[in-house]
Amino acid sequence: MTESTAARKPRRSAGSKAAGTTGAQADMTGVKRTARNTRTTRTAAKKGSETELVQLLTPEGERVEPAKNSPYAEYASFVDGITPDELRGLYRDMVLTRRFDAEATSLQRQGELGLWASLLGQEAAQIGSGRATREDDYVFPTYREHGVAWCRGVDPTNLLGMFRGVNNGGWDPNGNNFHLYTIVIGSQALHATGYAMGITKDGADSAVIAYFGDGASSQGDVSEAFNFAAVYNAPVVFFCQNNQWAISESNEKQTRVPLYQRAQGFGFPGVRVDGNDALACLAVTRWALERARRGEGPALIEAYTYRMGAHTTSDDPSRYRHDDERAAWEAKDPILRLRRFLEAANHTDEGFFAELEAESEALGKRVREVVRAMPDPDRFAIFENVYADGHALVDEERAQFAAYQASFAEAEGV
């Protein structure tokens, strides 16, 4: 932190001639000085945070080997034995997830989906962390974790029913230990904490991971979840994808310190990882999940990444951010980064990329066909599960809705 100017220089009396200012002018000078010091402190914090980033692959695709005495060496040890097949698997996951995401965005623009939340640019954070989970772990996502869903074995077409408006989810959460998408911002952190407390009482050695964004970190639910998890030593990992923008609000308007440092106030560790580095995300998440399974309590991971597209398809990011900002992050593209590493290490060849391209196109075609073939839901199903034993008011509303629907048929018959 930058030392205050007032701490280094003796104050002058407001009435001193040497001061050469009136009391009001002195007050304004103090305001300006405070503002200047605040900006300096923020700059220093920002520069300092750059050295706190766990990174195992540079944007150029070069492997980073932490020194043995480095605090990051422990994280790196969790991927020491990773094989070329596993690395190619991470790359494949990211490519196919991006292809699915692009197809969903196109379908929304064509009127086939009501809305879509793109993950473009966040593939490494999701695939790296998703592949760190075990089958018996449980995942609580937001509404953007398409890559994590892929890792958990959820058919990507099942993610689209809710966005098309034909169902409330499309998959059985217990079938893949992957909860339904959560639209209410931040509430899943509490759900995950409660679930983690429950499996502890059951004596299970599995762990829970909750995903949320930088915007959700401002919600009270998240702070409450942090506190409960710490007090009850819950085996939960909080995975924050800091993509720099909560819709149109930047990080600077949400926090004065790096998000991962918030964990310190609740009594558990926090770590910031390069969210565009799939290898680092895999390593750090493995570390956090394993310590949770050992009964060492929660951890917070801040995956420092960037939302390349809009918040959702109803958003226009050009209204609040500059093209040069996106261009700077495009140079850190997570897929290109891993490809460069694979090629430099001779872990793949052109045949692999050609086969993956064909698989990618086949996935896009299947997604289009399945979405357009989705049947419309029963319009009256909305009334069926309001009360267990029925209700007179619901019966009345059902009758009114039936009459409203019948009016269209009568109009068409005229």
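Criteria and cut-off values
Positions within a chain are numbered from 1, following the residues in the order the chain's sequence is written. In view of the model being predicted, local features appear only for residues whose pLDDT reaches at least 70, and side-chain atom pairs are presented and counted only at 80 or more, with totals across whole chains, interfaces and linings using the full set of residues. Note: side-chain values were computed over all heavy atoms of the structure, leaving out hydrogens and water. Accessible area is worked out with a 1.4 Å probe on protein chains only. A residue is then buried under 20% of its type maximum, exposed over 50%, and partly exposed in between. Going along the chain from the N terminus, every DSSP run of H or I of four or more residues is numbered as a helix, and every run of E of two or more is numbered as a strand. We treat two strands as partners when DSSP finds at least two bridges between them. By definition, the crossover connecting two strands over a helix is right-handed if that path, from the first strand to the second, turns clockwise as seen with the strands pointing away from the viewer. The term salt bridge refers to a pairing of a side-chain nitrogen on Lys or Arg with a carboxyl oxygen on Asp or Glu at a separation within 4 Å. Residue contacts are counted whenever heavy atoms from the two residues lie within 4.5 Å of one another. Note that patches include only residues with greater than 30% relative accessible area and no salt bridge, and the join distances are 9 Å for like charges and 5 Å for nonpolar side chains (Val, Leu, Ile, Met, Phe, Trp, Tyr). In short, Shrake-Rupley with a 1.4 Å probe defines the accessible areas, and a residue's cover is counted only from the protein chains shown. The axes are straight lines fitted to the C-alpha atoms, using for helices just the contacting stretch, and the angles between their N-to-C directions are given from 0 to 180°. Throughout, the term roughly parallel applies to angles under 35 degrees, roughly antiparallel to angles over 145, roughly perpendicular to angles from 65 to 115, and oblique to all others. Throughout, a crossing is termed right-handed when the near helix is turned clockwise from the far one, and left-handed when it is turned anticlockwise from it by less than a right angle. The residue classification treats Ala, Val, Leu, Ile, Met, Phe, Trp, Tyr, Cys and Pro as nonpolar and Asp, Glu, Lys and Arg as charged. All others, Gly included, are polar. Between the first and last residue of a helix there are one fewer steps than residues, each counted as 1.5 Å, and that sum is the expected span. The definition of a polar contact used here is a pair of N or O atoms within 3.5 Å, where within protein one atom must be able to donate a hydrogen and the other to accept one, and adjacent residues in sequence count solely through side-chain atom pairs. Paired rings are identified among Phe, Tyr and Trp, the last through its six-membered ring, by centres lying within 6.5 Å, and are further divided according to the angle between planes into stacked (under 30 degrees), edge-to-face (over 60) and tilted (the rest). By definition, being over a ring means that NZ of Lys or CZ of Arg is both within 6 Å of the ring centre and within 35 degrees of the ring normal.

What is the right way to read the pairing of strand E4 (residues 236–242) from this model?
Two faces belong to every sheet, and in a regular strand the side chains alternate between them. Burial analysis of E4 places seven of its seven residues in the buried class, the great majority of the element. Of the two faces of E4, both are covered, the one formed by Val-236, Phe-238, Cys-240 and Asn-242 as well as the one formed by Val-237, Phe-239 and Gln-241. When strand E3 (residues 208–213) meets E4, the two strands line up parallel, connected through six bridges. Paired with Tyr-211 across the two strands is Phe-239, which belongs to E4. Chirality of the crossover, the property in question, places the unit of E3, helix H10 (residues 220–231) and E4 among those that are right-handed.

Even after reading the chapter, I still don't get the pattern of salt bridges, so can you show me in this structure?
Where charged atoms from two side chains of opposite charge approach closely, those side chains can pair. For the coordinates displayed, the defined rule picks out 25 salt bridges. For Glu-65, the salt bridge goes to Arg-63, with nearest N and O atoms at 4.0 Å. Classification of Glu-65 as exposed rests on a relative accessible area of 58%. A residue is classified by how much of its surface remains accessible, and Arg-63, at 26% relative accessible area, is partly exposed. One salt bridge connects Glu-343 with Arg-339, and the closest N-O pair in it is separated by 3.1 Å. Pair noted here: Glu-343 and Arg-339 are both in helix H14 (residues 334–344), with a separation of four residues, about one helical turn. With relative accessibility at 36%, the residue Glu-343 sits in the partly exposed group. Exposure remark for Arg-339: the relative accessible area of 24% places this residue in the partly exposed category. In the salt-bridge network here, residues are joined through shared partners; they are Arg-92, Asp-93, Arg-131 and Glu-359.

Mind showing me how you'd approach the environment of Ala-229 here?
Residue placement: Ala-229 occurs in helix H10. Exposure remark for Ala-229: the relative accessible area of 0% places this residue in the buried category. Distance from Ala-229 to Ala-189, taken between C-alpha atoms, is 9.7 Å for residues 40 residues apart in sequence. Not counting residues within four places of it along the chain, the set of residues in contact with Ala-229 comprises Thr-193, Ala-234, Val-236, Phe-238 and Pro-298.

Whenever I open this one, a nonpolar patch on the surface confuses me. Can you help?
A contiguous nonpolar patch, built from Phe-228, Val-231 and Tyr-232 and spanning about 330 Å² of accessible area, is present on the exposed surface. By the secondary structure assignment, Phe-228 is in helix H10. When its relative accessible area of 42% is taken as the criterion, Phe-228 is described as partly exposed.

Help me understand the sheet that holds strand E8 (residues 299–304) in this model?
Hydrogen bonding along the main chain pairs the strands of a sheet, whether they run parallel or antiparallel. Sheet architecture is open: six strands sit in the order E1-E7-E8-E4-E3-E2, paired in parallel fashion. The two strands at the open ends of the sheet, each matched to only one other strand, are strand E1 (53–54) and strand E2 (138–140). Relative to strand E7 (residues 270–274), E1 is paired through two bridges, and the arrangement is parallel. Directly across from Val-54, in E7, lies its bridge partner Val-273. Sheet contacts for helix H9 (residues 187–202): E2, E3 and E4; angle to E3, the most-contacted strand, approximately 170°. Strands E3, E4 and E8 of the sheet are contacted by H10, whose axis makes an angle of about 150° with E4.

Sorry if this is basic, but what is going on with the packing of helix H4 (residues 84–109) against H14 here?
Helix packing geometry: the angle between the two helix axes and the distance between the axes. Packing of H4 against H14 leaves a shortest axis separation of 10 Å and a crossing angle of 150°. By the angle between their directions, the pair H4 and H14 is classed as roughly antiparallel. Where H4 crosses over H14, the handedness of that crossing is left-handed. Across the interface between the two elements, Leu-87, Arg-88, Leu-90, Tyr-91, Met-94, Val-95 and Arg-98 of H4 pack against Pro-334, Ile-335, Leu-338, Arg-339, Phe-341 and Leu-342 of H14. Class assignment of the residues belonging to the contact of H4 with H14 gives a composition of 10 nonpolar, no polar and three charged.

I tried to follow helix H12 (residues 278–293) on my own but got confused; where do I start?
Because an α-helix packs 3.6 residues into every turn, residues spaced three or four apart end up facing the same way. Here H12 is 16 residues long and its end C-alpha atoms lie 22 Å apart, about the 22 Å a rise of 1.5 Å per residue gives. For H12, the buried fraction is high: 14 of the 16 residues fall into the buried class. By the N-cap criterion, in which a side-chain oxygen at the helix start approaches the backbone nitrogen of a residue two or three places on, H12 is capped by Asp-277, the distance to Leu-279 being 3.1 Å. Downstream of H12 by one or two residues, Gly-295 has phi in the positive range, about 85°.

Would you explain the packing of aromatic side chains in this entry?
Pairs of aromatic rings are described using the distance from one ring centre to the other and the angle between the two planes. Tallied over the entire structure, the rule returns 27 aromatic pairs. Consider the rings of Trp-171 and Tyr-181, whose centres lie 5.5 Å apart with planes at 80°: the pair is edge-to-face. Taken together, the positions of Trp-171 in the loop between helix H7 (160–164) and helix H8 (173–176) and Tyr-181 in the loop between H8 and H9 put the pair 10 residues apart, joining distant regions of the chain. Accessibility classification places Trp-171 together with Tyr-181 in one group, the buried group. Measuring from ring centre to ring centre gives 6.1 Å for Phe-228 and Tyr-232, while their planes differ by 10°; the resulting arrangement is stacked. Members of the aromatic cluster, joined through ring pairs, are Phe-100, Trp-116, Phe-163, Trp-171, Phe-178 and Tyr-181. Above the ring of Trp-329, the side-chain terminus of Lys-332 is found at 4.2 Å from the ring centroid.

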